[in-house]
Amino acid sequence: MCDSSWNANIHIVTWNVSTRYPEGVALHSLLGLNTNPEHDGDLPDFYVIGLQEVNAQVQNQVIGLFKEDPWTNKFKEMLKERNFVVVKTEQMQGLLLMIFTRKKHLLHLREIEAEYTRTGLGGIWGNKGAVSIRMNIYGCTAVFLNSHLAAHDHMLDERVEDYHKILQEHKYHIKSRETIFNHDYVFWFGDLNFRLTGEATTSPEDIRAEVKKDNLGELMQKDQLLLVMNQERAFSELTERLPAFPPTFKFEPGTQEYDMKRRPAWCDRILYRVSDRKYNNVKLIAKQNSYKSHPAFSISDHKPVSSEFNIKVVRKPAETPLIAPDFDPDAIFNNFDALDGQIFSDPSEKMVEFAPIDTWTIGEEYTVKYTLPEGLDDAGSDWIGVYNADFGSVEEYQAYEYTSRCKEEQRRTFSLTFPDTLHLPEDPAQTYVLLYFQSTGTRGITGLAGMSEPFHVEHRARSPSVSSVD
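All figures in this text were calculated on a predicted structure; none of them were measured in a lab.

1. What about the overall build of the protein?
Counting its secondary structure elements, the protein contains seven helices and 25 strands. Taken across its 470 residues, the protein has 51% of its residues classed as buried. Put simply, of all contacts in the protein between residues at least 6 apart along the chain, 71% involve residues at least 24 apart. Accessible surface, the protein as shown: approximately 22100 Å² in total, 48% of it carbon and sulfur.

Structural data, given as structure tokens:
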């Protein structure tokens, strides 16, 4: 039994967009893309995008219940033609978190769960706080958390309180992974709003002058985030490469000039944490390849910040050694996760298998057959969706049926009938796929556990009318 690991590349962006919309803004460079996909360089495996102060007026929130917000749609349009898919989004008022992945990884992301914590107005209001998405990436676990903490220079204690409130109230429903730091990888980013000390002695003009002299190292010594990390008051569990770019706040929108009504500061940050857990003697590693701001973007009073990481991901078949007369003790020892005391397995290797579909006739009932592998059981609210084969988001289903309506044909093989009322466009060039989702219900834990081969649909021939009969 061999074990293997590989390096997944993750591109993270954080940006306070100051309620602006993305219309007319070319976002390619923010993601390291060329305007022509044919000229792109090596693309990451995941894009993780956290925005703050997305326009959260009531009418926009109502629209967001029925269709994607403009920012998600803009990023999706860019990435879909590069074969990326929206895995999940989570929004709490102005906080928006999006995760995209290459389609080839989609079946290996399991136990996906979103969470949020409000910290505005003492926890009543969601204009400040955090949204997060946790998931299993092959055999490892990760949390991506986007936060917007209390504003203004003098609110340092409130920012520290926000951090601890998020840690305390963020709870997931995965056994042994209920808290943020109970994961292999944690990426915490956002408008953390930490400012520079010396409010009484250092004016906005003084800070601007030091930035123009490129004295960033001296200014960074006054950074509140660095201060509270060193004092172990907040964020000391995480790591940050010190920013080598100028402060990202506060700018006059539409310009590269600082707004002298506020003291410039590094509000927009990306931090990370790697567990010391080992899988089969494989040490988990996160290598930060870049950490930079993007000053050319000027629609907001903040500049966006991005960072690229390579993380070591353990990938291994789910089978475990059998206890037999000729068993190899070393085989069991080498597959023992010393921290959790369990035989290590990669649950994403277990996949639902669909029986082949030649042609689906629309206007007639159609029965789908599928097989659940050993160790993968219905989570309670599982469902099967019909998708265009070139889908760009797991939200883009054409139709779905819950597997609670299925019938067991034989051991672990089931059938599920879609009604004759299902409607799909009559397009001979379009192909479709079935996706099997494990789900525990509304705002529960989800994961894509199976995908069929592409198939075509045809529409049932119309019955002849009375006038057409001789």
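2. A look at the confidence of the model for the protein
Looking at the protein as a whole, its pLDDT mean stands at 89, while 87% of the residues score no less than 70. Considering only residues more than four positions removed or in separate chains, one finds that residues 61–66, a stretch of pLDDT under 50, has two contacts. Note that pLDDT drops below 50 for residues 317–343; the model gives that stretch 38 contacts with residues more than four away or on any other chain.

3. Quick word on the nonpolar core
One finds Ile-137, Phe-144, Phe-187 and Ile-311 to be the most contacted residues of the largest nonpolar core, which totals 58 residues. Looking at which element gives the most residues to this core, the answer is strand S13 (residues 305–315), with five residues. The contact partners of Phe-144, leaving out residues within four places of it in the chain, are Ile-10, Val-48, Leu-97, Ile-99, Val-131, Ser-132, Ile-133, Ile-137, Phe-187 and Phe-189. Residues Val-352, Ile-362, Ile-384 and Leu-424 belong to the second largest nonpolar core, which totals 24 residues.

4. Notes on a nonpolar patch on the surface
A contiguous nonpolar patch, built from Tyr-397, Tyr-400 and Tyr-402 and spanning about 290 Å² of accessible area, is present on the exposed surface. Here Tyr-397 lies in the loop between strand S19 (383–388) and strand S20 (399–402). The partly exposed category is assigned to Tyr-397, whose relative accessible area is 35%.

5. Comments concerning a negative patch on the surface
Taken together, the side chains of Glu-364, Glu-365, Asp-420 and Glu-458 make up a negatively charged region of the molecular surface. Along the chain, Glu-365 turns up in the loop between strand S17 (359–362) and strand S18 (366–371).

6. Considerations on the side chain of Ser-393
Locating Ser-393 in the fold gives a position in the loop between S19 and S20. Relative accessible area serves as the criterion here: at 1%, Ser-393 is assigned to the buried category. A distance of 3.1 Å separates a polar atom in the side chain of Ser-393 from the backbone nitrogen of Glu-395. Leaving out residues up to four positions away in the same chain, Ser-393 has contacts with Glu-68, Lys-76, Val-85, Val-86 and Tyr-387.

7. Structural notes on unusual backbone geometry
Outside of glycine, negative phi angles account for most residues, and trans bonds account for most peptide bonds. The amide bond that connects Phe-249 to the next residue, Lys-250, takes the cis arrangement and shows omega of 0 degrees. Within the secondary structure, Lys-250 is located in the loop between helix H6 (224–230) and strand S9 (268–274). Unlike most non-glycine residues, Asn-83 shows phi in positive territory, near 70 degrees. Within the secondary structure, Asn-83 sits in the loop between helix H2 (70–80) and strand S3 (84–92).

8. Considering helix H3 (residues 156–169)
For H3, with 14 residues, the first-to-last C-alpha span of 20 Å sits near the 20 Å given by 1.5 Å per residue. Along H3, the residues classified as buried are Leu-156, Arg-159, Val-160, Asp-162, Tyr-163, Ile-166 and Leu-167. Buried positions in H3, seen along its axis, are confined to an arc of 155 degrees and lie on one side of it. Facing away from the buried side of H3 by more than 90 degrees, the exposed set consists of Glu-161 and Gln-168.

9. Section: the side chain of Ser-306
With respect to the secondary-structure elements, Ser-306 resides in strand S13. Among the polar contacts made by the side chain of Ser-306, one reaches the side chain of His-294 at a distance of 2.7 Å. Contacts of Ser-306, omitting those with residues within four sequence positions, involve His-11, Ile-12, Val-13, Leu-30, Ile-270, Ser-290, Tyr-291, Lys-292 and His-294.

10. Quick notes on H2
Helical geometry note: an α-helix holds 3.6 residues per turn, so side chains three or four residues apart project in the same direction. Within H2 the residues assigned to the buried category are Trp-71, Thr-72, Phe-75, Lys-76, Met-78 and Leu-79. Each buried residue of H2 lies within a common arc of 165 degrees when the element is viewed along its axis, so the set occupies one face. The backbone nitrogen of Trp-71 has a side-chain oxygen 2.9 Å away, supplied by the residue at the start of H2, namely Asp-69.

11. Overview of the packing of aromatic side chains
Counted by the stated rule, this structure contains 29 aromatic pairs. For the pair Phe-245 and Tyr-291, a centre-to-centre distance of 5.3 Å together with 85 degrees between the ring planes defines the contact as edge-to-face. Remark: Tyr-291 occurs in strand S12 (residues 286–293) and Phe-245 occurs in the loop between H6 and S9; sequence separation between them is 46 residues. Across the pair, Tyr-291 and Phe-245 agree in class, each one buried. Aromatic ring contacts, followed pair by pair, group Trp-383, Tyr-387, Phe-391, Tyr-397, Tyr-400, Tyr-402 and Phe-437 into a single cluster. Of note, Lys-103 hangs over the ring of Phe-391, and the distance from its end group to the ring centre comes to 4.3 Å. The lysine or arginine in question, Lys-303, covers the ring of Phe-251, its NZ or CZ lying 4.7 Å from the ring centre.

12. Some thoughts on the environment of Lys-104
Note that Lys-104 resides in the loop between strand S4 (95–102) and strand S5 (109–120). Aside from chain neighbours lying at most four places away, what touches Lys-104 is Asp-45 and Tyr-138.

13. Description of the pattern of salt bridges
Applying the stated criterion to the full structure yields 16 salt bridges. Between Arg-269 and Glu-240 there is a salt bridge; the shortest N-O distance is 2.7 Å. Highlighted residues: Arg-269 in strand S9 and Glu-240 in the loop between H6 and S9, separated in sequence by 29 residues. Ionic pairing is found between Arg-411 and Glu-374, a salt bridge with its closest N-O pair at 2.5 Å. Of this pair, Arg-411 sits in the loop between strand S21 (407–410) and strand S22 (413–418) while Glu-374 is found in the loop between S18 and S19, placing the two residues 37 residues apart along the sequence.

14. Here we look at the sheet that holds S18
Reading across the sheet, the four strands line up as S16-S18-S22-S21 and stay open at both edges, with antiparallel pairing between neighbours. Among the strands making up the open sheet, the edge pair consists of strand S16 (353–354) and S21. In the sheet, S16 pairs with S18 via two bridges, with the strands oriented antiparallel. Looking at S18, one finds that Glu-353 is bridged to Thr-371.

How each quantity is defined
Residues numbered from 1 in each chain as written. Predicted model: local features only at pLDDT ≥ 70, side-chain atom pairs only at ≥ 80, totals over all residues. Heavy atoms only, no water. Helix = DSSP H or I, 4+ residues; strand = E, 2+ residues; numbered from the N terminus. Buried < 20%, exposed > 50% of the residue type's maximum accessible area, 1.4 Å probe, protein only. Contact = heavy atoms within 4.5 Å. Areas by Shrake-Rupley, 256 points an atom, 1.4 Å probe, with all protein chains shown as cover. pLDDT = per-residue confidence, 0-100. Core = buried A, V, L, I, M, F, W, Y, C linked by side-chain atoms within 4.5 Å. Patch = residues over 30% accessible without salt bridge, like charges linked within 9 Å, V, L, I, M, F, W, Y side chains within 5 Å. Salt bridge = Lys/Arg side-chain N within 4 Å of Asp/Glu carboxyl O. Lys, Arg positive; Asp, Glu negative; His and termini not counted. Charge placed at Lys NZ, Arg CZ, Asp CG, Glu CD. Polar contact = N/O pair within 3.5 Å; in protein donor to acceptor, adjacent residues only side chain to side chain. Expected span 1.5 Å × (residues − 1). Arc of directions from axis to C-beta. Phe/Tyr/Trp six-rings, centres within 6.5 Å; stacked < 30°, edge-to-face > 60°. Lys NZ or Arg CZ within 6 Å of the ring centre and 35° of its normal. Pairing = 2+ DSSP bridges.

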